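# Architecture at a glance
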Amino acid sequence: MLDYIRSYLDPSVQQTPGQAGNLFWALVYILIVFAGVSLIVVCMNWLERKVLAHMQVRLGPMRVGPHGLLQPIADALKLILKEDIIPQGADVFVFWMAPLIILLAVFSVYCVIPFGPTHAITDMNIGILFMLGVSSLAVLGIVMAGWASNSHYPLIGALRSSAQMVSYEVAMGLAVVSVVLMTSLNPTGTGTLSMIGIVRAQQAQQIWFLFKFFPLGLISFFIFAVAMVAETNRAPFDLPEAESELTAGFHTEYSGLRWSLFMLGEYAAMIAVSSIAVTLWLGGWMRPFPHWLSGPSWDLAFSFFPALTFFFLAGLTFYSTRRMPKHPYFRVQTLGLGALGGVFLLIALILSVPGVRRSVQDVYWFVAKIAGFLYLYIWYRGTFPRYRFDQLMKVGWKVLLPLGIGVLTLTAVVGVLQP
Amino acid sequence: MNPVATPFFFYMLSGLMILGGVLVITRKNPVHSALALILTLLGQAGLYLMLYAPFVAGVQIILYVGGIMVLFLFVIMLVNIERTQKDKPFNKLWLVGILAAVALGVLLVRIYAKGSAMFVQPVVPLPETENTQRVGEMLYRNYMFPFEIASLLLLVAMIGAVVMAKKRI
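The structure presented is a predicted model; accordingly, all values stated were derived computationally and were not measured.

This next bit is on the overall build of chain B. Assigned secondary structure in chain B consists of seven helices and zero strands. Element order for chain B, N to C, with α for helix and β for strand: α-α-α-α-α-α-α. Counting over 169 residues, chain B shows a buried share of 15%. Expressed as a percentage of contacts within chain B between residues at least 6 apart in sequence, the contacts between residues at least 24 apart total 55%.

Structure representation (structure tokens):
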């Protein structure tokens, strides 16, 4: 058993656990990914409220814990303890299955996300196709939720949401295909659909596909960036959230834990589509400028970034600890904030150890790029007003789709003309 | 990489497909039937994976489960389900049904009796990692003309659907 576990840790293994057929490590990776995603969802929940509040010149949550840090936990507790209502005349089985199907679809996508050259649960030959296919299963969950509620508003909301998702999937697929075309620009002329293969193609061509065939890569990225916001039902395309004008969407009749499962699915889907964008256009796990700023000294400089991030977080936390009110009523909160700063400092110190420093590189850059996208999501929500449904359809079918077809054709033409 | 527990997965997926198929015809509620059909199609995608055809499996999920079945559900949900639930799910075509079942059964028994001699042995086992590339080469090199004709047919059908659905163009 121990040999079986150790066999994967051998540094000569250049495969993901799924490819190596190592069940134990695949299971460990699945657990790590699941826990990590849940943790990011909790952090994102807090950050979203805080950032949104500061954009609107408010303070945001301040009561539960220092700077409202424990607010997500309080919310989760509230949602778990809330009464779980199943409306009369609802189709209980379908009602019960709908949030589970969404969660299942969203979390299956994480199977192929490459956090590093060997840090993925598995690498499939059809990676990106698998991701698009499985995430399209989430539409089923939405349709089921709307229908099973036995009420008119969720049914109409579900039709609206799924029409939105189905139509933006088309534009999204076209943007993805133009990237797959770019991967085929190598001596053998065969492209790849594998997520790791796509990043390796960017490595071999020494360019992020964002800047490939300027501005074609940029336009296809733009199409994907708009479509992914619509796919995840987020602002400015968040019609399911439009309580005031549309009586919300497919989850009107859901409450308590089931409703929170929908929210968990939404946030997990945001992370999943962000990681598709990072893999396809932003060079996946590669650090910025791997060729322009190459050499051992630059490698060393960039390897300090993970530790520096956590040193910065620790500094920020200690600064806030000093600024806490001095009244004895706040003593526990001040101590807690100080302890959090200590934890950040400890993580930063661990990350500065040379061995650790080298091995967390890939994962750090990948997660940092995802974090950029998640911030963008919050920023959109604070900036753009909500689209009306006909405007949303118009953008999807009359702007993004022709643009996608044009970019695809031009990419093919430029790719053939290229020496 | 060696396949893991192949017989187990084969029987599990086949069992799921048969269960889904039986549920499709026995459920009174058409939405439940459609959901059971989705289960069957997913099982089929799993079988394609076992046949080392991951590309076909992925396309099966995207097209059938993510596309066609969602449209099916759209239509079914908008019809009056209370009325359809009172209808009998089995109609009077049982004679034709029995004939078809007997014909299929005879075929199955014949194939089972002949055994593996029925099937052409594969010349070269296709590596799983090249499946997508092989499909692409086949479609765009060897069978370019039929493929283009099929896409032209689809275009015609699409224009026809738009013309029929739109009152005023």
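So, next bit.
Looking only at helices and strands, chain A features 17 helices and zero strands. By the compact-globule yardstick of 22 Å for 419 residues, chain A fits well, its C-alpha radius of gyration being 23 Å. With respect to the three principal axes, the spread of C-alpha positions in chain A is 65 × 55 × 50 Å. When the 419 residues of chain A are sorted by exposure, 40% land in the buried category. For chain A, restricting intrachain contacts to residue pairs at least 6 apart in sequence, the fraction spanning at least 24 positions comes to 75%.

Next up on the list: the interface of chain A and chain B. Contacts between the two partners involve 22 residues from chain A and, on the opposite side, 20 residues from chain B. Of all the secondary-structure elements, those providing two or more residues to the side of chain A that touches chain B are α6 (127–136), α7 (138–148) and α8 (152–183) of chain A. The class makeup of the residues in the side of chain A that touches chain B is 15 nonpolar, seven polar and no charged.

Moving on to helix α16 (residues 354–383) of chain A. Residue and element names in this part refer to chain A. Taking 1.5 Å as the rise per residue, α16 with 30 residues should run 44 Å; its terminal C-alpha atoms sit 42 Å apart, in good agreement. Residue V360 marks the point of greatest curvature in α16, where the axis turns by about 50°. Within α16 the residues assigned to the buried category are D362, Y364, W365, F366, V367, K369, I370 and Y377. At its buried positions, α16 is contacted by α12 (256–281) and α14 (305–322).

Residues and elements named next belong to chain A. With an omega dihedral of 5°, the bond running from F214 to P215 counts as a cis peptide bond. With respect to the helices and strands, the residue P215 is situated in the loop between α9 (195–205) and α10 (216–231). Unusually for a residue other than glycine, H67 sits at a positive phi of about 55°. In this structure H67 comes out as partly exposed when scored by C-beta crowding, with 19 C-beta atoms within 10 Å. A positive phi angle, near 50°, is found at F213, a position not held by glycine. Note on placement: F213 falls in the loop between α9 and α10.

Residues and elements named next belong to chain B. For chain B, the average pLDDT comes to 82, and 84% of its residues sit at 70 or higher. Confidence, read as mean pLDDT per element, is least for helix α4 (residues 81–86) in chain B (63) and greatest for helix α7 (residues 144–165) (92). Across the interface, the model reports ipTM at 0.81; the global pTM reads 0.87.

Here we take up the nonpolar core. Counting residues in hydrophobic clusters, the biggest one holds 115 residues, and the most contacted among them are V143(A), A227(A), A272(A) and A277(A). The leading source of residues in this core is α12(A), at 14 residues. V143(A) has contacts with A158(A), S162(A), V70(B) and L73(B), leaving out every residue within four places of it along the chain. Counting residues in each nonpolar core, the second largest holds five residues, with A307(A), F310(A), A314(A) and F344(A) among its members.

How two helices pack is summed up by the angle between their axes together with the distance between the axes. Residue and element names in this part refer to chain B. Packing of helix α2 (residues 30–50) against helix α3 (residues 54–78) leaves a shortest axis separation of 9 Å and a crossing angle of 175°. Here α3 runs roughly antiparallel to α2, going by the angle between their axes. Contacts between α2 and α3 involve P30, V31, A34, L37, I38, L41, L42, Q44, A45, Y48 and L49 from the first element and P54, V56, A57, Q60, I61, Y64, V65, M69, F72, L73, I76 and M77 from the second. Grouping the amino acids of the contact of α2 with α3 by side-chain chemistry returns 21 nonpolar, two polar and no charged.

Before going further, it helps to examine the environment of I149(B). Residue and element names in this part refer to chain B. Note on placement: I149 falls in helix α7. Residue I149 is classed as exposed on the basis of its 10 C-beta neighbours within 10 Å. When the C-alpha atoms of I149 and Y48 are compared, they prove to be 26 Å apart, with 101 residues separating the residues in sequence.

What counts, and where the lines are drawn
Residues numbered from 1 in each chain as written. Chains lettered and ligands numbered in written order. Predicted model: local features only at pLDDT ≥ 70, side-chain atom pairs only at ≥ 80, totals over all residues. Helix = DSSP H or I, 4+ residues; strand = E, 2+ residues; numbered from the N terminus. Buried ≥ 20, exposed ≤ 12 C-beta atoms within 10 Å, placed from the backbone. Contact = placed C-beta atoms within 7 Å. Rg over C-alpha atoms; globule rule 2.2 N^0.38 Å. Nonpolar A, V, L, I, M, F, W, Y, C, P; charged D, E, K, R; others polar. Expected span 1.5 Å × (residues − 1). Bend = angle between axes of the 7 residues up to and from the residue. pLDDT = per-residue confidence, 0-100. Core = buried A, V, L, I, M, F, W, Y, C linked by C-beta atoms within 7 Å. Axes fitted to C-alpha atoms, helices over the stretch in contact; angles between N-to-C directions. Parallel < 35°, antiparallel > 145°, perpendicular 65-115°, else oblique.

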